[in-house]
Amino acid sequence: MIEKEIIEEILHNLKEINAKLDKIILNGNMPYPDEEINSSDSLDVMMLLSLPDHLRTTATTLFEIGPATAEDIAEVTRKERAVESNYLNQLVRMGHVEKYREGRKVYFHINNKLC
Amino acid sequence: MALTIAVHSAKGGTGKTSIAVNLAIAYALDGRKVCLLDMDLRGPTLRTFFDDGSSEVPFWVNDLLSGKKGINEVVMDTGVDLGMAGKVSVAYSKADIFEIRELASKDRKWQSNALKNIITGKKELIRNGTEVIILDTGPGVEYESINAVAACDLVLIVHSSTKACSECTEQLVNGVYKSLNKKCAIVDNMHHCSLDDDTLDGMRYGFPVIAAIPCICDIAKRSGEILVLSDREHEFSRAICDIKDKLGRIL
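As a starting point, this report considers the structure included with it. (Residues numbered from 1 in each chain as written. Chains lettered and ligands numbered in written order. Predicted model: local features only at pLDDT ≥ 70, side-chain atom pairs only at ≥ 80, totals over all residues. Heavy atoms only, no water.)

### Overview of the overall build of chain B
Per the secondary structure count, chain B includes 10 helices and 9 strands. Against the globule reference of 18 Å for 251 residues, chain B gives a C-alpha radius of gyration of 17 Å, in line with a compact fold. Considering only C-alpha atoms, chain B reaches an extent of 50 × 45 × 35 Å along its principal axes. Relative to its 251 residues, chain B shows a buried fraction of 53%. Element-wise, carbon and sulfur atoms account for 51% of the exposed surface of chain B, whose accessible area totals about 10700 Å². Looking at chain B, you have 30 positive and 34 negative side-chain charges, and the mean spots of the two groups are 6 Å apart. (Helix = DSSP H or I, 4+ residues; strand = E, 2+ residues; numbered from the N terminus. Rg over C-alpha atoms; globule rule 2.2 N^0.38 Å. Buried < 20%, exposed > 50% of the residue type's maximum accessible area, 1.4 Å probe, protein only. Areas by Shrake-Rupley, 256 points an atom, 1.4 Å probe, with all protein chains shown as cover. Lys, Arg positive; Asp, Glu negative; His and termini not counted. Charge placed at Lys NZ, Arg CZ, Asp CG, Glu CD.)

### Things to note about the nonpolar core
Looking at soluble globular proteins, one finds that nonpolar side chains tend to be buried together. With 63 residues, the main nonpolar core has B:L37 and B:Y177 as its most contacted residues. Apart from residues lying up to four places away in sequence, B:L37 is in contact with B:L46, B:L64, B:I71, B:A91, B:L125, B:I133, B:I134, B:L135 and B:D136. (Core = buried A, V, L, I, M, F, W, Y, C linked by side-chain atoms within 4.5 Å. Contact = heavy atoms within 4.5 Å.)

### Considering the interface of chain B and chain A
With 20 residues of chain B at the interface, the matching set in chain A holds 19 residues. Of the roughly 1700 Å² buried where chain B meets chain A, counting both sides, 59% is carbon and sulfur surface. The largest per-residue losses of area from chain B upon contact with chain A belong to B:R108, B:K109 and B:K116, which jointly make up 34% of the total buried on that side. Linking chain B with chain A are 2 salt bridges, by the criterion used here. Counting across the interface, chain B meets chain A through 7 residue pairs in polar contact (both at pLDDT 80 or more). Where the side of chain B that touches chain A is concerned, the elements lending two or more residues are α5 (108-127), α6 (143-151) and α7 (163-177) of chain B. Ranked by the residues each element gives to the side of chain B that touches chain A, the list is headed by α5(B), at 10 residues. (Buried area = accessible area lost by both parts, 1.4 Å probe. Salt bridge = Lys/Arg side-chain N within 4 Å of Asp/Glu carboxyl O. Polar contact = N/O pair within 3.5 Å; in protein donor to acceptor, adjacent residues only side chain to side chain.)

### Digging into the side chain of B:N189
Structurally, B:N189 is set in strand β7 (residues 183-191). From its side chain, B:N189 meets the backbone oxygen of B:T14 in a polar contact 2.7 Å long.

### Considerations on unusual backbone geometry
All names here are of chain A. G66 connects to P67 through a cis peptide bond whose omega is -5°. Tracing the sequence through the fold places P67 in the loop between α4 (53-65) and α5 (70-77). One non-glycine residue, R78, adopts positive backbone phi at about 60°. Here R78 lies in the loop between α5 and α6 (81-93). By relative accessible area, R78 is classed as exposed at 78%.

### Topic: the pairing of strand β5 (residues 132-137) of chain B
Taken residue by residue, a regular strand's side chains alternate between the two faces of the sheet. All names here are of chain B. Judged by how many residues are buried, β5 sits mostly within the fold: 6 of 6 residues are covered. Every second residue of β5 is oriented toward a common face, with V132, I134 and D136 on one face and I133, L135 and T137 on the other, all of them buried. Sheet analysis places strand β1 (residues 3-8) next to β5, joined by 5 bridges and oriented parallel. What sits directly across from A6, in β5, is L135. (Pairing = 2+ DSSP bridges.)

### Focus: the packing of aromatic side chains
All told, the structure shown has 1 aromatic pair over all chains when counted by the stated rule. Seen from their ring centres, A:Y100 and A:Y107 are 5.7 Å apart, and the 15° between their planes marks the pair as stacked. A residue is classified by how much of its surface remains accessible, and A:Y100, at 30% relative accessible area, is partly exposed. Between the NZ or CZ atom of B:K178 and the centre of the ring of B:F207, over which it lies, the distance is 5.5 Å. (Phe/Tyr/Trp six-rings, centres within 6.5 Å; stacked < 30°, edge-to-face > 60°. Lys NZ or Arg CZ within 6 Å of the ring centre and 35° of its normal.)

### A closer look at the sheet that holds strand β8 (residues 203-204) of chain B
Residues and elements named next belong to chain B. Read from one edge to the other, the open sheet built from 9 strands follows the order β3-β4-β2-β5-β1-β6-β7-β9-β8, with strand pairing classed as mixed. Edge positions in the sheet fall to β3 (76-77) and β8, since each has one partner strand and no second. Bridge count for strand β6 (residues 154-160) against β7 is 7 bridges, and the pairing is parallel. Paired with H159 across the two strands is D188, which belongs to β7. Strands β1, β2 (33-39), β5 and β6 of the sheet are contacted by α6, whose axis makes an angle of about 150° with β1. Sheet strands in contact with helix α10 (residues 235-250) are β1, β6, β7 and β9 (207-214), and its direction is about 170° off that of β9. (Axes fitted to C-alpha atoms, helices over the stretch in contact; angles between N-to-C directions.)

### Here we look at the pattern of salt bridges
Residue and element names in this part refer to chain B. In total, this model carries 18 salt bridges over all chains according to the counting rule given. In this structure, E73 and K69 form a salt bridge, with 3.9 Å as the shortest nitrogen-oxygen distance. Classification of E73 as partly exposed rests on a relative accessible area of 38%. Here K69 falls in the partly exposed class, since its relative accessible area comes to 26%. Between D231 and R222 there is a salt bridge, with the nearest N and O atoms lying 3.2 Å from each other.

### Concerning α10(B)
Residues and elements named next belong to chain B. Its 16 residues give α10 an end-to-end C-alpha distance of 22 Å, which sits within 8% of 22 Å, the value for a rise of 1.5 Å per residue. Inspection of α10 places F236, S237, A239, I240, I243, K244 and L247 among the buried residues, and these make up the whole buried set. Down the axis of α10, the smallest arc covering the buried residues is 160°, so these residues share one side. Turned more than 90 degrees away from the buried face of α10 sit G248 and R249, all of them exposed. (Expected span 1.5 Å × (residues − 1). Arc of directions from axis to C-beta.)

Below, the structure is given as structure tokens:
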């Protein structure tokens, strides 16, 4: 049981590190957080190509099957639901994806608001 | 299982449309229900294979991309008599300079929605029983072409034996096809053995080279003719059928 808790904590920490690394990769040397810079960017195919690999896979899958939950995406990409949830929320912060709640489920879809 | 193929190339004039049209007919002759979409919106030529431009086209692929019409409204019958075989429907792009000029001014938001509309249209076609969707694209990194690549299951890369085409194809492979995690197959069209020496064990850029169609003047002279229909024993027709069979094994 203790071992399981330790593994869970390690996993949690790894996810946090992963999220921070993603931010560093996306921001490069720019001094502003990603959400401020890219908030009005449409997610077109050229932007899709410029995303880091993991976010591109998530976004491409969302284009194909969206609106979808993190679990739906994870089924296609064969990653953990929590990992996809993290990626989807990054895409939300970047303004490429929107989320909404339906009952207990959170759905994500490509942002189609007119800028 | 339904299959969506984008016929794409780095450079123009490689024979994408000829291959797309003949491949569509080859699938239909196998009894498959096929839909052929002209995604070369900046230089549409698909229609020249099926009519002289005088027939009534109610709606265009342009209307699908802009979200004005759904896929079922833009797809129409080709009028090609396939006897008892399958069926080929088609959606044309508008070869009108004002339309093309307007397209060039579309912003990224429009292109993002266009991609969504293509994917929605593709799903609708499959729901209605279409088994093979072929997207004939324009060359290089045009929005409409890359949208088609993003929406497909497999990219059929048409490559011609020139150094320029090789260099640009390699760029596309690394910067687009692999980035979008696409399955790909290469067709060497207008092939000259001495000029394509970078193929190793049937592979190039990590993708299989599934056909080498020689450079034959007869094919160029008969452009606009659907050889798979009119001359089934022609070297080009046999190559197309071979491509179809090999694609089946890749997917």
